[in-house]
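Residue-level listing of the chains:
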Amino acid sequence: MSDVKFFNVHKNFGHVEVLKGINLTVAKQQVVCLIGPSGSGKSTLLRCVNHLEMTTSGAITIGGRMIGYDVRGDQLQEASQPEINKRRSKIGMVFQSFNLFGHMTAKENVMFGPIKLLKMSKKDAEAHARELLRKVGLADKMDNYPSQLSGGQQQRVAIARALSMKPEVMLFDEPTSALDPELVGEVLDVMKQLARDGMTMIVVTHEMGFAREVGDVVVFMDNGVIVEQGDPQDVLTNPQHERTKSFLAKVI
Amino acid sequence: MSDRGLLSQPDIGHDYLALTTKPVLRRRRPGQVIAVVVVLFAIVYGVWTLITNPGFGWVTVGKYFLDTRILGGLLITLELTVIAMAIGFVVGLVVAVMRMSDNWLLRGVSGAYIWFFRGTPLLVQLLFWGFSAVLFPKIGLGIPWGPTFVEWNTNDVISLFGAAILGLGLNEGAYMAEIVRAGLLSVPAGQSEASRSMGFSQLHTLRFVVIPQAMKVIIPPVGNEVISMLKTTSLVIVIGVGDLLYNTQQIYAQNLQQIPLLIVASIWYILLTSILTLAQTRLEKKYSKGNALLLGKAQR
Ligand SMILES: Nc1ncnc2c1ncn2[C@@H]1O[C@H](COP(=O)(O)OP(=O)(O)O)[C@@H](O)[C@H]1O
Ligand SMILES: [Mg+2]
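Residues numbered from 1 in each chain as written. Chains lettered and ligands numbered in written order. Predicted model: local features only at pLDDT ≥ 70, side-chain atom pairs only at ≥ 80, totals over all residues. Heavy atoms only, no water.

## Remarks on the overall build of chain B
Line of reasoning, step 1. Scanning chain B from terminus to terminus reveals 14 helices and two strands.
Line of reasoning, step 2. Projected onto its principal axes, the C-alpha positions of chain B cover 105 × 70 × 45 Å.
Line of reasoning, step 3. By residue count, 33% of the 300 residues in chain B fall in the buried class.
Line of reasoning, step 4. Split by element, the accessible area of chain B, about 19,300 Å² in all, is 69% carbon and sulfur.
Line of reasoning, step 5. Looking at charge distribution, chain B has the averaged site of its 23 positive side-chain charges lying 7 Å from that of its 14 negative ones. (Helix = DSSP H or I, 4+ residues; strand = E, 2+ residues; numbered from the N terminus. Buried < 20%, exposed > 50% of the residue type's maximum accessible area, 1.4 Å probe, protein only. Areas by Shrake-Rupley, 256 points an atom, 1.4 Å probe, with all protein chains shown as cover. Lys, Arg positive; Asp, Glu negative; His and termini not counted. Charge placed at Lys NZ, Arg CZ, Asp CG, Glu CD.)

## Some thoughts on the sheet that holds strand S1 (residues 4-13) of chain A
All names here are of chain A.
Line of reasoning, step 1. What the four strands build is an open sheet, ordered S2-S1-S4-S5; its pairing is antiparallel. Of all strands in the sheet, those with a lone pairing partner are strand S2 (16-26) and strand S5 (65-66), marking the two edges.
Line of reasoning, step 2. The strands that helix H1 (residues 42-49) touches are S1, S2 and strand S4 (57-62); relative to S1, the one it contacts most, it runs at about 120°. (Pairing = 2+ DSSP bridges. Contact = heavy atoms within 4.5 Å. Axes fitted to C-alpha atoms, helices over the stretch in contact; angles between N-to-C directions.)

## Here we look at the packing of aromatic side chains
Line of reasoning, step 1. Taken as a whole, this structure holds nine aromatic pairs over all chains when the rule is applied.
Line of reasoning, step 2. When the ring of Tyr113(B) is compared with that of Phe117(B), the centres are 4.5 Å apart and the planes differ by 35°; the resulting orientation is tilted. Placement of the pair is Tyr113(B) and Phe117(B) together in helix H5 (residues 104-119), with a separation of four residues, close to one helical turn. This pair shows no difference in class: Tyr113(B) is buried, exactly as Phe117(B) is.
Line of reasoning, step 3. Each residue in the set Phe101(A), Phe112(A), Phe200(B) and Phe208(B) is aromatic and connected to the rest through ring pairs, giving one cluster.
Line of reasoning, step 4. Positioned above the aromatic ring of Phe101(A), the side-chain terminus of Arg161(A) is 4.4 Å from the ring centre. (Phe/Tyr/Trp six-rings, centres within 6.5 Å; stacked < 30°, edge-to-face > 60°. Lys NZ or Arg CZ within 6 Å of the ring centre and 35° of its normal.)

## Considering the site of ligand 1
Residue and element names in this part refer to chain A.
Line of reasoning, step 1. The environment of ligand 1 is made up of Phe 13, Val 18, Pro 37, Ser 38, Gly 39, Ser 40, Gly 41, Lys 42, Ser 43 and Thr 44.
Line of reasoning, step 2. One of the side-chain N or O atoms of Lys 42 is found 2.9 Å from an oxygen atom in ligand 1.
Line of reasoning, step 3. Look at ligand 1: alone it shows 560 Å² of surface, and the protein chains cover 55% of it.
Line of reasoning, step 4. Here the shell around ligand 1 takes three residues from H1, the largest share from any one element.
Line of reasoning, step 5. Here the residues of the shell around ligand 1 sort into three nonpolar, six polar and one charged. (Near = heavy atom within 4 Å. Polar contact = N/O pair within 3.5 Å; in protein donor to acceptor, adjacent residues only side chain to side chain. Nonpolar A, V, L, I, M, F, W, Y, C, P; charged D, E, K, R; others polar.)

## Re the pattern of salt bridges
Line of reasoning, step 1. According to the stated counting rule, one finds 19 salt bridges over all chains in the structure shown.
Line of reasoning, step 2. Here Arg181(B) makes a salt bridge to Glu178(B), at a shortest N to O gap of 3.9 Å. Note that Arg181(B) and Glu178(B) are positioned in helix H9 (residues 160-186) at a spacing of three residues, about one turn of the helix.
Line of reasoning, step 3. Glu178(B) gets classed as partly exposed once you look at its relative accessible area, which sits at 25%.
Line of reasoning, step 4. Linked through salt bridges whose partners overlap, the residues forming this network are Arg65(A), Asp70(A), Glu83(A), Lys86(A) and Arg87(A). (Salt bridge = Lys/Arg side-chain N within 4 Å of Asp/Glu carboxyl O.)

## Points about the packing of helix H12 (residues 244-255) of chain B against helix H13 (residues 258-286) of chain B
All names here are of chain B.
Line of reasoning, step 1. Between H12 and H13, whose axes approach to 9 Å, the crossing angle comes to 165°. Classed by the angle they form, the pair H12 and H13 counts as roughly antiparallel. Crossing angle aside, the handedness with which H12 passes H13 is right-handed. Taking contact as the criterion, the partners of Leu 244, Leu 245, Thr 248, Ile 251, Tyr 252 and Asn 255 in H12 are, on H13, Gln 258, Leu 261, Leu 262, Ala 265, Trp 268 and Tyr 269. (Parallel < 35°, antiparallel > 145°, perpendicular 65-115°, else oblique. Left-handed = near helix turned anticlockwise from the far one by under 90°.)

## Considerations on the interface of chain A and chain B
Where the parts come together, the accessible area they lose is often given as the size of the interface.
Line of reasoning, step 1. Listed by partner, the interface residues are 25 residues for chain A and 21 residues for chain B.
Line of reasoning, step 2. Of the roughly 2,100 Å² buried between chain A and chain B, counting both surfaces, carbon and sulfur atoms make up 61%.
Line of reasoning, step 3. On the surface where chain A and chain B come into contact, there are one salt bridge.
Line of reasoning, step 4. Measuring nitrogen to oxygen at the nearest pair gives 3.0 Å for the salt bridge that ties Glu193(B) to Arg47(A).
Line of reasoning, step 5. Where chain A packs against chain B, one counts six residue pairs in polar contact (both at pLDDT 80 or more).
Line of reasoning, step 6. Secondary structure elements with two or more residues in the side of chain A that touches chain B: helix H2 (81-88), strand S8 (91-94) and helix H3 (106-116) of chain A. (Buried area = accessible area lost by both parts, 1.4 Å probe.)

## Some remarks on the environment of Asn153(B)
Residue and element names in this part refer to chain B.
Line of reasoning, step 1. For Asn 153, the position within the fold is in strand S2 (residues 148-153).
Line of reasoning, step 2. With relative accessibility at 38%, the residue Asn 153 sits in the partly exposed group.
Line of reasoning, step 3. Taking the C-alpha atoms as reference, Asn 153 lies 86 Å from Thr 20; in sequence the two are 133 residues apart.

Listed below in structure tokens is the structure:
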């Protein structure tokens, strides 16, 4: 597992500054929960970690290394695309809308990356996929297409797919927000297990119960800045800032 | 107001429960009856004419149906269709991907390509390629404005068949580009994003994630394009390529049996079109993998 460090990260979309200098350290095996109102820049921050979005300035390191850039003298230079792809594959990402590959079965979704990118043999990849799907409780759904799975099951396959690349960090962008309430628990359970196994995780979530139980740190973001961060108990029960208080009053 | 409505007339005491035991009588539709009579009459008259009018020359049709010249032309027609569609598909894919690129030059070039090839008649394009030797008497490999390494006479390299292939293929590419683009756009952006986040390159993402799913949307119109291409190839007679129609013409220029020979050609065209339609249905099934509706049906 790796740590993740943000150094004064800025991100603009055109003239709009969406991230305004983010500094944050996520230690190895830590679970950091990102909370904050819609539009505050949580997804953008997450997408900057694996370089799906290019930062405008600042740096993000994973295990001491940047994904999209190299240091060249006293400047950052964009890395080559193959190099970015390679580094990016060490970071797993789980999306709000699952984004399972619709033309592949659950098992094929989980085998796809290892076969094509890790050059695993088909047999090994299949054994690996079976094990991962068993781990997320879907041993009996391996041959189903995503359209034949419930949202909760799809999201668990998506987690297995991300794990198939043996990531050092996992990013979750509101993994349960698209789920019916009764399906939220099964996904959170898988994530809790992952946290217990020592995965470094950054989780954007509105599940305050999860943040309290599993999170090592809660970070509250608003309008492109980190307003406050700290132990989940402290931040969630005894927020120091007005903005945090009013946000928590709305969601809890 | 409501108590004067149609449905509020007093119940006149039918035994509705008893009425439900008999089937409902259907109302006759006189217009429909007349239409059926007219159509039936037209069909009977048509068949009668086909049989009794000697001009159709059914005996001649039978005699030439498997004529070697007809079969040879048929082969050329098939070759033209297959190769032109293959070129069209590849060109279409490239142009479609360029059209969706971030780079304005690539977008512009592909836009211009589509604009030009859709904007001029195919017949004119075919004639152009047929006469291309006038424009470029020699073609060769070399550096533009620099030295040339090898050179050939255009007429030797680009045969009339080659000109036909180029004309049909490049034109098809423009239409195919729009079909492919619609297909690529039908795949949600989240699919590419998931693939990129795993570390797949843009090309791998396109090939393994986007295109397979776009096929569902691309196949039906491509099927139509193939069927349409099969018949459009007959335009190559203007540059003298010996396809099915051209050879048909050659035969009736000698024996003056125009109608029977055109019937021969038509039967072959319609036969092939029917086969292609069947193949299209099969392919559509294959590429709808993961489609909830079809999967549901398959399980039942
Ligand atoms: N691709 C984009 N282009 C322009 N603006 C964007 C883009 N993505 C996000 N934004 C803007 O950035 C802000 C932060 O968005 P986001 O990171 O999705 O917030 P959150 O995930 O906290 O709801 C929003 O105002 C959003 O409209
Ligand atoms: Mg978001």
